[in-house]
Amino acid sequence: MSTAETAAQRKHSVADSDRAYLLDCLKQIIHIRAFEQCALEASQATPPKVVGSIHLCAGQEAVPVAAVAGLDSSDQIISTYRGHGWALASGLPVLEVFGEVCQSSIGINGGRGGSAYLMAPWTRFIGENSIVGAGVPIACGVAQANIAAGNGRVVVVSIGDGAFNQGSTHEGLAFAAARDLPVLIVCENNGWSELTPTSLTFKIARIAQRASGYGMPGMTIDGTDPIAIRDTIRHAADRARGGGGPALIECRVPRLWGHYNRDIEHYRSKEDRQSAAERDPIVLLSKRLAMDQQELDNLIAIAKSEMDAVLEKVLASPLPDAATALDHVWAPITHSAPAPENGEPRTMSYIQAVNEALTHELETRPEVVVYGEDVGQAGGIFGASRGLLKTYGAQRVFDTPISESAILGSAVGAALMGMKPIVEIMWADFMLVALDQLINQAANIRYVTAGRSSVPLVVRTQQGATAGSCAQHSQSLEALLAHIPGLRIALPATPQDAYDILRSAVASPDPCVLFEARGLYQSSGPVRTSGPIQPIGKAKVRRQGTGAAIVTWGTMLGAALEAADAIRNVGVIDLRWLSPLDEDSLCQVVLEAGGRVVVAHEANLTGGFGAEIVARLHEMLGDRLPLKIKRVGSPDVRMPASPVLAQRLLPNAEKIAAAVRAILI
Ligand SMILES: Cc1ncc(C[n+]2csc(CCOP(=O)(O)OP(=O)(O)O)c2C)c(N)n1
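Attention in this report is confined to the structure presented alongside it. All values reported here derive from a predicted model rather than from experimental measurement.

Looking only at helices and strands, the chain features 24 helices and 22 strands. Here the chain has a C-alpha radius of gyration of 28 Å; the compact-globule value for 665 residues is 26 Å, and the two agree. Seen along its three principal axes, the alpha-carbon backbone of the chain occupies a region of about 105 × 55 × 45 Å. By the burial criterion, 56% of the 665 residues in the chain qualify as buried. Carbon and sulfur atoms make up 53% of the accessible area of the chain, which totals about 26,200 Å². Within the chain, the 67 negative side-chain charges are centred at a point lying 4 Å from the centre of the 58 positive side-chain charges.

As structure tokens, this is what we get:
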């Protein structure tokens, strides 16, 4: 049989309706390949025209192209760092995508995201993620927002096979399944987890087998076949849109090039590379369409020269303006005066005040949702959300799996889409298993998108040592998060502040973490619930005094006041917010106290926020007056469960008073 006859026969074997679609897919795949080829060459040029690591998707292009074909035009996409193909298939302008890969001012993020963290949440392409698995919980939150909006959208989150051993992937799958979220988890299984074959790290034949463990359908398909991909995605998307919940779609793809641009693949056999090359979707599709080599070469050459022209334009565009490097870490703060207190106060406990604030926000803001472990039916283990599920329903107040990454990550996704999630992390210590979603995700988004997007979520947690609490339930962790640009941090210490600060945090355009004080939950005091929202970042002078000043926050406020009462003329300032820090009030109090300062906090001293206060006071006031400063905190040990041992370590009124007396000598 002649070659011509074979080609003719093949032509007939593809239905006419599929032909146009497959040809279109082939052209898109060639377009993406040209992009990746150009980016690779630019990164290998001397000197390199693209700096840093880039992760290219050669061999995997059919997945984004055909998945998008199976989706509705408003469905959304989250990809990994290997996401250029997804960005282009989603319709982002090629110049802006290439500009971002080159960290140029014309990049979609003005060079702040780069190749591996390109973000465009204002489009259907929400963004890439450079943290393996992190996109899955975020997709859950986007899906929550879609359900709340009733817009019928589905979210696709694409991850690699290696990512299926990542905790946040498991948590996201569990969360999506528990809530029947319209999320499609697309696994681009290229057989490699960076430099390691994933066969070494899985004891299952197909990743999609995992799906049944979560109670969702799982399919394994050929990730080079645009028809299989489109149809599987379309079917799963229709099911999810109809309330059927998430699905896991494993697409088997070849990885044609290395893990990243400088990967020489010394660890990979020739045979493996060869068998990947045979599965190149360009080769397979052109054969399926019986395209002759000349026609294919022409398409490739045209795409390459178009892409060279794009790169040229990018390289001719200005670099980002270095003067903007500090912009968009946080939303600007308007320095208004504290709102006047009005209305009659009612006496209530700290935890009741939290409940009142949650009630107010749910009542007045339809975008607010309140969730976490035990938050719904039980009303929170401390009672903060008691009664809220009954009043506001299970779409707005609900229980989650024990999945802190999914709780925080879904809050990121929901906030990104305009919701106002208020999530509870039962104990601050538990936040440590999920810090990625706060530090790598929430804190970055405003900055990376140059202020076009933000994630104004609120995390409520509680901390501190109480009688019998063990080393894993007693830490004071505020310094850890106050270190992170992009987050707002507060520590309410009175019932009134528990109410006011929560309401201010909900009004804040930036992510806020509130460290409440478990030891104070049952303490009572007057609370005005009728006043306006207080500005964030305002300290409160609790005692006036010119002899010395105690600077404190959170659980140490009571001890500081007791210490001040024991000595004449000692001022106390309760910082309340560590970010933003009220430097003006701090300086004023310290100036009034003649530079004699005790900084008191429950956390241990090394790297505690007290060290930051001391450094700032020296920088701000060191040349105006002599400073005499002492810090009081826990020593650098782990916290024992025994109250006898713990009391020996924890700061208290006597220790603070002793420090004040020492600086008064
Ligand atoms: C949480 C986390 N751990 C490790 C890494 C380093 N890392 C980057 S890519 C990668 C391999 C991921 O493999 P896979 O999920 O299969 O995706 P692929 O790179 O093959 O697309 C690793 C380990 C990371 N970025 N994030």
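Attention now goes to the sheet that holds strand β13 (residues 458-463). If you walk across this open sheet you meet the 7 strands as β11-β10-β12-β13-β15-β14-β20, and the pairing is mixed. Every interior strand has two partners, whereas the edge strands, β11 (397-399) and β20 (577-579), have only one. On average, each strand axis in the sheet is inclined to that of its neighbour by 20°, with strand direction left out of account. Pairing geometry for strand β14 (residues 488-490) and β20, over 2 bridges, is antiparallel. Residue I489 lies in a different strand from β20, and its bridge partner there is S579.

On to the packing of aromatic side chains, then. The relation between two aromatic rings is expressed through the spacing of the ring centres and the mutual angle of the planes. Scanning all chains against the criterion turns up 9 aromatic pairs. When the centroid spacing of 4.4 Å and the interplanar angle of 35° are considered together, the rings of F35 and F98 count as tilted. Linking F35 in helix α2 (residues 16-44) with F98 in helix α5 (residues 94-101), this pair joins segments that are 63 residues apart in sequence. Residues F35 and F98 agree in their burial class; the two are buried. Geometrically, the ring pair formed by F382 and W427 is tilted, given 5.4 Å between the ring centres and 50° between the ring planes. Of this pair, F382 sits in the loop between β10 (368-372) and α14 (388-392) while W427 sits in the loop between β12 (420-425) and α16 (428-431), and the two are 45 residues apart along the sequence. The exposure class of F382 is partly exposed, given its relative accessible area of 22%. With a relative accessible area of 12%, W427 lands in the buried category. Joined through ring pairs, the aromatic side chains of Y350, F382, W427, F430 and Y521 make up one cluster.

Let us now look at the site of the ligand. Around the ligand there are 15 residues in total, and Y81, R82, D161, G162 and A163 lie nearest to it. Residue S130 places a main-chain N or O atom 3.0 Å away from a nitrogen atom belonging to the ligand. A distance of 2.9 Å separates an oxygen atom of the ligand from a polar atom in the backbone of A163. Bound to the protein, the ligand loses 74% of the 580 Å² it would expose on its own.

About the thresholds
Residues numbered from 1 in each chain as written. Predicted model: local features only at pLDDT ≥ 70, side-chain atom pairs only at ≥ 80, totals over all residues. Heavy atoms only, no water. Helix = DSSP H or I, 4+ residues; strand = E, 2+ residues; numbered from the N terminus. Rg over C-alpha atoms; globule rule 2.2 N^0.38 Å. Buried < 20%, exposed > 50% of the residue type's maximum accessible area, 1.4 Å probe, protein only. Areas by Shrake-Rupley, 256 points an atom, 1.4 Å probe, with all protein chains shown as cover. Lys, Arg positive; Asp, Glu negative; His and termini not counted. Charge placed at Lys NZ, Arg CZ, Asp CG, Glu CD. Pairing = 2+ DSSP bridges. Axes fitted to C-alpha atoms, helices over the stretch in contact; angles between N-to-C directions. Phe/Tyr/Trp six-rings, centres within 6.5 Å; stacked < 30°, edge-to-face > 60°. Near = heavy atom within 4 Å. Polar contact = N/O pair within 3.5 Å; in protein donor to acceptor, adjacent residues only side chain to side chain.

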